[in-house]
Amino acid sequence: MQSKNPVFSKTRNTQGQWAGTSPTPEHLQDMYNQPAYAPPASRAMTLDDVVIRGFITLGVLVASAGAAWILEVPIAVAVVSAIIALVLGLVASFKQSTNPALILGYAVFEGVFLGALSSIFEARFPGIVLNAVVGTMMAFLGVLAVYTLRIVRVTPKLVKFVIAAAIGALGLMLVNFIVGFFEPGGLGLRTDSPIGIIFSGAMILLGCFFLLLDFDSIEQGVKQGAPEKFAWQCVFGLTLSLVWIYLEVLRFVSYFSGDD
C-alpha cells in the first residue's frame, strides 16, 4: 500500500523502493566520524549567579577575617597575607580571571589582613569596626539605589573619569609615601588633619564610583549573555570596591574617634 504521507511519497517510487540518492562510502565515513553527541553551549550568566557567588566570596572573606581577629594573628602574618592578597588581586585583575580558586584565595588572604587590621583599630578606638561595617553597607545600598534609579548613568566618559581619578589617587599616595621618609606625615594625606579628612572622603567617594562601574558591568554582562563563569569576575570587582570603601571608612571614622 502506498503511503499518503507526502514525505514518504516523494522518497519512494511507485514500486515501493527507495528513490533517494544512495550515500557514497566517503559520505558514510564522514557520518561515522561525526560525534554522536554535541554538548550544549555554556549557560549565560544571570543575576542569581552573581548573587550566589557574591555571598560565597564575601562569606569566605568575613570568615577568614573573623578567624584572624579571634586568633589574634601577629602583625607579620597580616603583612604577608596582605602581600599575597595584592599579588593574587593583580593577577586576577590583569588576566581578567574567572578562576574561582584564585578569587576565593584572594578573599582568604585579604580577610586575614582585614581581620588583623580591624582588631588593631578596635583596640585603639572601641566600636569603630561596627561603624565602618555599617558605613560600608550604607554606601553599598546607597550606590545601588542611585544606579537602580538611574540618578547617575554610567557612560564611557564617566568610566574614563573614574579610572583617571584612581590613577591620580594612587600616584598621590605613592608620592605621600616617599615624602614620608623625609618629612613626618608626608604630604598629610594620611594624617588627622583637614587635608587628610578631605582625602579620605574623596577616596570613599571614588570607591562608590567604582561600585557604579561594577553594577553596570553586571547588568551589561547579563544583557549581552556573557558566560556563566564571568560572574566570578563581577564578584571580584565588587569585592575590591567594598574592601576599598571599608578601609577608607575605617580610616575616616578614626579621625573623629578619641583615644581611650
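Since the structure is predicted, the reported quantities are computational estimates derived from the model, not experimental observations.

Let's talk about the overall build of the protein chain
Working step 1: Looking only at helices and strands, the protein chain features nine helices and zero strands.
Working step 2: Each helix and strand of the protein chain, placed in order from N terminus to C terminus, yields the pattern α-α-α-α-α-α-α-α-α.
Working step 3: Taking the intrachain contacts of the protein chain between residues at least 6 apart in sequence as the baseline, contacts between residues at least 24 apart amount to 78%.
Working step 4: With an accessible surface of roughly 16200 Å², the protein chain has 71% of that area assigned to carbon and sulfur atoms.

Thoughts on the packing of aromatic side chains
Working step 1: Under the definition given, this model contains eight aromatic pairs.
Working step 2: Seen in terms of ring centroids, Phe-121 and Phe-125 are 6.4 Å apart; in terms of plane orientation they differ by 40°. Their pairing is tilted.
Working step 3: An aromatic cluster is present here, built from Phe-140, Tyr-147 and Phe-215 joined pairwise through their rings.
Working step 4: The cationic tip of Arg-150 hangs over the ring face of Tyr-147; the distance from NZ or CZ to the ring centre is 4.8 Å.

Digging into the packing of helix α5 (residues 100–124) against helix α9 (residues 230–254)
For any two helices packed against each other, one specifies the crossing angle of their axes together with the interaxial distance.
Working step 1: The N-to-C vectors of α5 and α9 enclose an angle of 10°; their axes lie 11 Å apart at closest approach. Judged on the interaxial angle alone, α9 and α5 are roughly parallel. Two secondary-structure elements touch here, α5 through Pro-100, Ile-103, Leu-104, Tyr-106, Glu-110, Leu-114, Leu-117, Ser-118 and Phe-121 and α9 through Trp-232, Gln-233, Phe-236, Thr-239, Leu-240, Val-243, Tyr-246, Leu-247, Leu-250 and Ser-254.
Working step 2: Considering only residue class, the contact of α5 with α9 consists of 14 nonpolar, four polar and one charged.

Focus on unusual backbone geometry
Working step 1: Positive phi, close to 50°, is recorded for Gln-96, a residue that is not glycine.
Working step 2: By the secondary structure assignment, Gln-96 is in the loop between α4 (75–94) and α5.
Working step 3: Positioned with a positive phi, Arg-150 is a non-glycine residue whose angle comes to about 60°.
Working step 4: Position of Arg-150 relative to the elements: it lies in the loop between α6 (128–148) and α7 (156–179).
Working step 5: Under the relative-accessibility criterion, Arg-150 is labelled partly exposed at 31%.

A short note on a nonpolar patch on the surface
Working step 1: Together, Ile-75, Val-79, Ile-83, Val-87, Val-91 and Ile-120 make up an exposed nonpolar region whose accessible area comes to about 500 Å².
Working step 2: Per-element tally for the nonpolar patch: the top contributor is α4, with five residues.
Working step 3: Residue position: Val-91 is located in helix α4.
Working step 4: Assessed through its relative accessible area of 34%, Val-91 is described here as partly exposed.

Overview of the pattern of salt bridges
Working step 1: According to the stated counting rule, one finds five salt bridges in the structure shown.
Working step 2: With a shortest N-O distance of 3.6 Å, Arg-53 and Asp-49 are connected by a salt bridge. Placement of the pair is Arg-53 and Asp-49 together in helix α3 (residues 47–71), with a separation of four residues, close to one helical turn.
Working step 3: Residue Arg-53 is classed as buried on the basis of its relative accessible area, which comes to 14%.
Working step 4: The partner of Arg-150 in a salt bridge is Glu-219, with the nearest N and O atoms 2.7 Å apart. You can see Arg-150 sitting in the loop between α6 and α7 and its partner Glu-219 sitting in helix α8 (residues 194–223), a full 69 residues away along the chain.
Working step 5: One salt-bridge network, in which partners are shared between bridges, spans Asp-49, Arg-53 and Glu-228.

A short note on the confidence of the model for the protein chain
Working step 1: Chain-level pLDDT for the protein chain is 85 on average; 83% of the residues reach the 70-or-more range.
Working step 2: Taken together, the stretch residues 1–20 has pLDDT below 50 and engages in nine contacts with residues farther than four places along the chain or on a different chain.

So, the environment of Ile-120
Working step 1: Here Ile-120 shows up in helix α5.
Working step 2: We classify Ile-120 as partly exposed; its relative accessible area is 42%.
Working step 3: Sequence separation between Ile-120 and Glu-72 is 48 residues; the distance between their C-alpha atoms is 9.6 Å.

Some thoughts on the side chain of Thr-57
Working step 1: With respect to the helices and strands, Thr-57 occurs in helix α3.
Working step 2: Setting aside chain neighbours within four positions, we find Thr-57 in contact with Ile-103, Leu-104, Ala-107, Trp-232, Val-235 and Thr-239.

What counts, and at which threshold
Residues numbered from 1 in each chain as written. Predicted model: local features only at pLDDT ≥ 70, side-chain atom pairs only at ≥ 80, totals over all residues. Heavy atoms only, no water. Helix = DSSP H or I, 4+ residues; strand = E, 2+ residues; numbered from the N terminus. Contact = heavy atoms within 4.5 Å. Areas by Shrake-Rupley, 256 points an atom, 1.4 Å probe, with all protein chains shown as cover. Phe/Tyr/Trp six-rings, centres within 6.5 Å; stacked < 30°, edge-to-face > 60°. Lys NZ or Arg CZ within 6 Å of the ring centre and 35° of its normal. Axes fitted to C-alpha atoms, helices over the stretch in contact; angles between N-to-C directions. Parallel < 35°, antiparallel > 145°, perpendicular 65-115°, else oblique. Nonpolar A, V, L, I, M, F, W, Y, C, P; charged D, E, K, R; others polar. Buried < 20%, exposed > 50% of the residue type's maximum accessible area, 1.4 Å probe, protein only. Patch = residues over 30% accessible without salt bridge, like charges linked within 9 Å, V, L, I, M, F, W, Y side chains within 5 Å. Salt bridge = Lys/Arg side-chain N within 4 Å of Asp/Glu carboxyl O. pLDDT = per-residue confidence, 0-100.

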